[in-house]
Structures are given as C-alpha cells and as structure tokens.
Amino acid sequence: MRVKTITVHSAGGVVLRGPADAPDVLMIATHNGTRWALPKGQVEPNESLPEAARREVEEETGIKVATLAHLETIEYWYYASRNVRHHKFVDYFLMKPIGGTLRPQLSEVDDVRWWPLAKALELATYDNDRRVIEKAGKRWPRYADEL
Ligand code: ATP
C-alpha cells in the first residue's frame, strides 16, 4: 500500500498571565478531557501565522490575546487515515490575555483552564508542548514586568 504524505501547518499560543516568576498557562483539554495541550489550529489561506495563532486561541478558549513573540516551530507526524500521513508544523507564539471570557469551543474542546506553570508542565500530554511552555516561562519576566 502506498502511503501519501501531506504537509500541514497550524499555529497556536502559549498565553501567560501573572507574576514574572509564577505565571499561569492557558490550556485546553481534548479526548474527553484526558489530554491537556496548547490551543492551536490550521492556518487558513491568506492568513499570517500570528493572525492564525490569535484567531485559533480566541476561538478555542474564548480569551482575546495579543502576541508578544514567536517561540518555536514544532514538528510531528501522524496518520490521518491508513494511507495518509501528515507531516505537521505548528508555530507557537508567546501571548498575553487582553479580554474575553473562558469558554471552551464545544465542538473541539472539552475544557479550558488557567494552570500554574508547574502544573501545566506536569499535565502537558506532548513533550514538544512542554518544551514550548518552558521556553515561554523563561521569556515571561521581560513582559510581565512591563504590565
Ligand atoms: P489542529 O488543532 O491543528 O486543527 P487537529 O486537531 O486536526 O489539529 P492534532 O491536534 O495535530 O490534529 O492531532 C492529530 C494527531 O497528532 C493526534 O493523534 C494527536 O494525538 C497528535 N498530536 C497532537 N498534538 C501533538 C503534539 N504536540 N506532538 C505530537 N503529536 C501530537
């Protein structure tokens, strides 16, 4: 059986709030609330990566955000069906909340929470998300002090 590979691109955010040394992280739960991950989604045609990241975070969590910096492009592979493999890239941005109310996008998300950074690192299902959250935490003091 021949396997077809498709490259897909998503964008998302590590949204932080709170003090420089102990921020909270905005996370979503999927798979009946069993997997915690960062909010993200597919980049639409004619949309920039930061635009897509902001739109997806707002749609999935109800929180309005401003983008502070690009953090990292993560990459992974998965089978979308038996003979279609996705090579996925996700660009994550450091963000801060600027309004809105916490409300999961019910079609795609089971729960949305602010978790303390240490708890977010414990709960994160994927190692690459964990790495990006750590990176965001290290860069946060520079922004937290300006708020
Ligand atoms: P998007 O949220 O970008 O629209 P999606 O919900 O269609 O995407 P993914 O969240 O990428 O799809 O999930 C597709 C597969 O990849 C699932 O099997 C999931 O477990 C796995 N996956 C999701 N996030 C990661 C990650 N950060 N690292 C590795 N595998 C992941």
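Before any of the text, the structure's been laid out above.
The structure reproduced in this document is the subject of the present report. All figures in this text were calculated on a predicted structure; none of them were measured in a lab. Counting of residues starts from 1 at the beginning of each chain's written sequence and follows it residue by residue. A pLDDT threshold of at least 70 governs which residues receive local features in this predicted model, and a stricter bar of 80 or more applies before side-chain atom pairs are shown or counted, although totals over entire chains, interfaces and linings include all residues. Side-chain numbers here rest on the full set of heavy atoms in the structure, without hydrogens or water.

Here's the deal with the side chain of Glu72
Part 1: Of note, Glu72 is situated in strand E5 (residues 63–81).
Part 2: Accessible area is worked out with a 1.4 Å probe on protein chains only. A residue is then buried under 20% of its type maximum, exposed over 50%, and partly exposed in between. Glu72 gets classed as buried once you look at its relative accessible area, which sits at 13%.
Part 3: A polar side-chain atom of Glu72 sits 2.6 Å from a polar atom in the side chain of Arg131.
Part 4: Polar contact criterion, stated in full: a pair of N or O atoms within 3.5 Å, where within protein one must be able to donate a hydrogen and the other to accept it, and residues adjacent in sequence count only if both atoms are side-chain atoms. Separated by 3.0 Å, the side chains of Glu72 and Lys135 make a polar contact.
Part 5: In what follows, residue pairs with any heavy atoms lying within 4.5 Å of each other are defined as contacts. Dropping the residues within four chain positions of it, Glu72 is found in contact with Val90, Asp91, Tyr92, Arg131, Val132 and Lys135. Elements are defined by DSSP. Helices are runs of H or I of four residues or more, strands are runs of E of two residues or more, and each kind is numbered from the N terminus.

Comments concerning the site of the ligand
Part 1: Note on definitions. A residue lies near a molecule or strand when any single heavy atom of the residue is within 4 Å of it. Every residue near the ligand is listed here: Ser10, Arg35, Lys40, Gly41, Gln42, Ile74, Tyr76, Tyr78, Lys88, Tyr126, Asn128 and Asp129.
Part 2: A distance of 2.6 Å separates an oxygen atom of the ligand from a polar side-chain atom of Ser10.
Part 3: Residue Tyr126 places a side-chain N or O atom 2.8 Å away from an oxygen atom belonging to the ligand.
Part 4: All accessible-area figures derive from a Shrake-Rupley calculation using a 1.4 Å probe, and residue coverage is judged against the displayed protein chains alone. In isolation the ligand exposes 620 Å². Once the protein is present, 66% of that is buried.
Part 5: The set of elements that each furnish at least two residues to the shell around the ligand consists of strand E4 (40–42), E5 and helix H3 (127–144).
Part 6: Each residue is assigned to one class: nonpolar for Ala, Val, Leu, Ile, Met, Phe, Trp, Tyr, Cys and Pro, charged for Asp, Glu, Lys and Arg, and polar for all the others, Gly among them. Taken together, the residues of the shell around the ligand break down into four nonpolar, four polar and four charged.

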